[in-house]
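Tertiary structure, described
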Amino acid sequence: MTSRSREELQNAIFDALGAVAPEMDSNAIVPERPLREQIDIDSFDFLNFIIRLHEILGIDIPEKDYAELLTLNSAVEYLARRCASHQ
Amino acid sequence: MEAGTLVEWLVKPGDEVQRGQVVAVVETQKGAVDVEIWEAGTVDKLVVETGKKVPVGELLALLRVAGESAAEIPEIPEIPEIPEIPETPGMPGVTRIETAPTIAATGSPRVETAPVYMATSARLRISPSARKLAEELGVDIASVQTAEPGAVISRADIERAAQAKTKTMSPATTKAAAPDWHAQMRIAIAAAMSRSKREIPHYYLATDIDMSAVSAWLVAENLKRDVAQRLLPVVPCMKAVALALREVPELNGFWIDGALRPSAAVHLGMAIAMRGGGLVAPAIHDADKKSLDQLMADLRDLITRVRSGRLRSSEMSDPTVTFTNLGEQGVEGVFGVIYPPQVAIIGLGKITERPWVEDGAVVVRKVATATLAADHRASDGHRGGLFLAALGRLLQEPERLR
């Protein structure tokens, strides 16, 4: 696995978020605002979000990197780097 | 709660049942509840008829487990109807009033009426399974007519209402008539919390706890773990709360009829927010005896089922104390409202980096504010303080919380 397009990653994020917060409207997400300010998710939901991303993208997201997934923009950038370095 | 009225059987003789399956609905003083069965097998005989009032612990039905033939089941003596149940000492969720010891001695599997306390259905007079069905069928519970005036709404009533509705309603109006589950939950919460503030003389304590050790331990532990096996920070705290409660037992139990009934078991009610508003606090049973992995698995299972509306009667009825982890949402401290007849609620605030004085020097530490709201009828501030001290002490040695 190498690089994935921005759109692909964004869709993966919306998929994973939709699984934990079904009422989420992906069109209403402001990319540079913290996701947790826009979607009602707690730490349990967030862990499930990470697990789901792991399933979709096949990459491991260590706990210390959780802060990188704060906003949609930062999450896409982080996941792009992560996917590129993952063999 | 000492007695309940059997409202509805959901199984009949010959039916195969699974462990955890809802087999009957019982109306109690605290609302209607689903009764689960704790063994798999085949229903052999329904002993109690619909509409009968039975004491807690009464034999409701006989179950044949695999390899057991019907002939092995002893004859059941006629069970007299019990019009009024005398007050008996004991705790809800723990005590069983055994009225048929001879049957119990034979070892026949039994279905028991579960003693319950269930705010979510209090005063609604509808069984949880009927409510779920109503939700599925889009039936407005408020408009459902029961067979007899004032009776508990049963699944059959919902089915009748749904049939009537499909005959009379156009598809356009069907959606608008969907029951407002959240409005009902607000009513139930309002009732329980109003009673709490009316009856329970709360006292409140707070203390800051150094969470550096447990946070560092958790980081190291989760680093070793696969993403799906990671522990949430609340999990070691749950264990520490449960263990600390064993040291101050007057915070763990119930206030009933003017007396404290402490519980030997620690069934930790976890306050879990519902998506879109409302909350429930179902039990993690024997939290003091479980490993962190088991607690995490139980919590995961519980939250998942809370969010999908599939809780079990035992989980709703059994909590001996409540733990709220509102810090999760960013608040530094939470002073809870006790869920009657419990006698305490423990709160944990957000873990933040704060200045901390140690050996005369100011250092930066991860700190959380732990709080206790307790019933002053059952305990005093001194004992409450000892509980928070024990909690703080236990959290300094996370490796021992396993």
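Within each chain, residue numbers correspond to sequence positions counted from 1 in written order. Think of it this way: whatever chain is written first is A, whatever ligand is written first is 1, and the rest follow in order. Only residues with pLDDT of at least 70 are given local features in this predicted model, and only at 80 or more are side-chain atom pairs given and counted; all residues enter the totals for whole chains, interfaces and linings. Here the side-chain values reflect all heavy atoms present in the structure, with hydrogen atoms and water set aside.

**Quick notes on the overall build of chain A**
For clarity, the threshold we go by: Put simply, DSSP H or I for four residues or longer makes a helix, DSSP E for two residues or longer makes a strand, and each gets a number counted from the N terminus. Areas reported here follow the Shrake-Rupley algorithm with a probe of radius 1.4 Å; residue values treat only the protein chains shown as occluding.
A tally of helices and strands in chain A yields four helices and zero strands. Of the regular secondary structure in chain A, the N- to C-terminal order runs α-α-α-α. With an accessible surface of roughly 4,400 Å², chain A has 47% of that area assigned to carbon and sulfur atoms.

**Looking at the environment of Ala-281 of chain B**
Residue and element names in this part refer to chain B. Just so we agree on the cut-off: Residues are treated as being in contact if the distance between any of their heavy atoms lies within 4.5 Å.
Mapped onto the elements of the fold, Ala-281 is located in the loop between strand E14 (279-280) and strand E15 (283-284). In this structure, the C-alpha to C-alpha distance between Ala-281 and Val-306, residues 25 residues apart in sequence, is 9.3 Å. Not counting chain neighbours up to four residues away, the residues in contact with Ala-281 comprise Gly-269, Met-270, Ala-271, Pro-319 and Thr-322.

**What about the interface of chain A and chain B?**
Our working rule: When two parts are brought into contact, each loses some accessible area as probed by a 1.4 Å sphere; the total of that loss over both is the buried area. By definition here, a salt bridge exists when the distance from a side-chain nitrogen of Lys or Arg to a carboxyl oxygen of Asp or Glu is within 4 Å. Lys, Arg, Asp and Glu make up the charged group, whereas Ala, Val, Leu, Ile, Met, Phe, Trp, Tyr, Cys and Pro make up the nonpolar group; the residues left over, Gly among them, are polar.
Taken together, the contact pairs 21 residues of chain A with 16 residues of chain B. Note on chain A versus chain B: buried area summed over both sides is about 1,500 Å², and carbon and sulfur give 48% of it. The largest share of the area that chain A buries against chain B comes from Phe-44, Leu-47 and Glu-63 of chain A, three residues that together contribute 39% of it. One salt bridge in this structure joins Asp-42 of chain A and Arg-307 of chain B, with 2.9 Å as the shortest N-O distance. Grouping the constituent residues of the side of chain A that touches chain B by class yields eleven nonpolar, three polar and seven charged.

**Topic: helix H8 (residues 292-308) of chain B**
Residues and elements named next belong to chain B. The cut-off we apply is this: In a helix, the anticipated span is given by 1.5 Å times the number of residues less one. Burial here depends on accessible area, computed with a 1.4 Å probe over protein chains only, as a share of the maximum for the residue type. Under 20% is buried, over 50% is exposed, and the range in between is partly exposed.
With 17 residues, H8 extends 24 Å from end C-alpha to end C-alpha; this agrees with the ideal 24 Å at 1.5 Å per step. Those residues of H8 lying buried are Leu-292, Leu-295, Met-296, Asp-298, Leu-299, Leu-302, Ile-303, Arg-305 and Val-306. After H8 finishes, the residue Gly-309 shows a positive phi value of roughly 70°.

**Notes on the pairing of strand E17 (residues 344-348) of chain B**
Residues and elements named next belong to chain B. Cut-off, in case you're wondering: At least two bridges found by DSSP between two strands are what make those strands a pair.
A large share of E17 lies buried, amounting to five of its five residues. Residues Ala-344, Ile-346 and Leu-348 of E17 are buried on one face, and the alternating residues Ile-345 and Gly-347, pointing to the opposite face, are buried as well. Bridge count between strand E16 (residues 321-324) and E17: three bridges; the pairing is parallel. Paired with Phe-323 across the two strands is Ile-346, which belongs to E17. Relative to strand E19 (residues 361-375), E17 runs antiparallel, the two being bridged by five bridges. Among the inter-strand pairings, Ile-346 is bridged to a residue of E19, identified as Leu-372.

**Thoughts on the packing of aromatic side chains**
All names here are of chain A. Quick reminder of the rule: The rule is short: rings of Phe, Tyr and Trp, with Trp giving its six-membered ring, pair when the centres are within 6.5 Å, and they are stacked under 30 degrees, edge-to-face over 60, tilted in between.
Overall, the coordinates contain three aromatic pairs over all chains when judged by the stated rule. Ring centres of Phe-46 and Phe-49 lie 5.7 Å apart, and the angle between their planes is 55°; this geometry places the pair in the tilted category. Within this pair, Phe-46 and its partner Phe-49 are both found in helix H3 (residues 43-57), separated by three residues, close to a single helical turn. Phe-49 shares its class with Phe-46; the two are buried. Aromatic side chains Phe-46 and Tyr-66 sit 5.3 Å apart centroid to centroid with 70° between the ring planes, which places their arrangement in the edge-to-face category. Taken together, the residues Phe-46 in helix H3 and Tyr-66 in the loop between H3 and helix H4 (72-85) connect sequence positions 20 residues apart. Residues Phe-46 and Tyr-66 agree in their burial class; the two are buried. Through a chain of ring-to-ring contacts, the aromatic side chains of Phe-46, Phe-49 and Tyr-66 assemble into a single cluster.

Taken by themselves, the reported measurements are silent on function.
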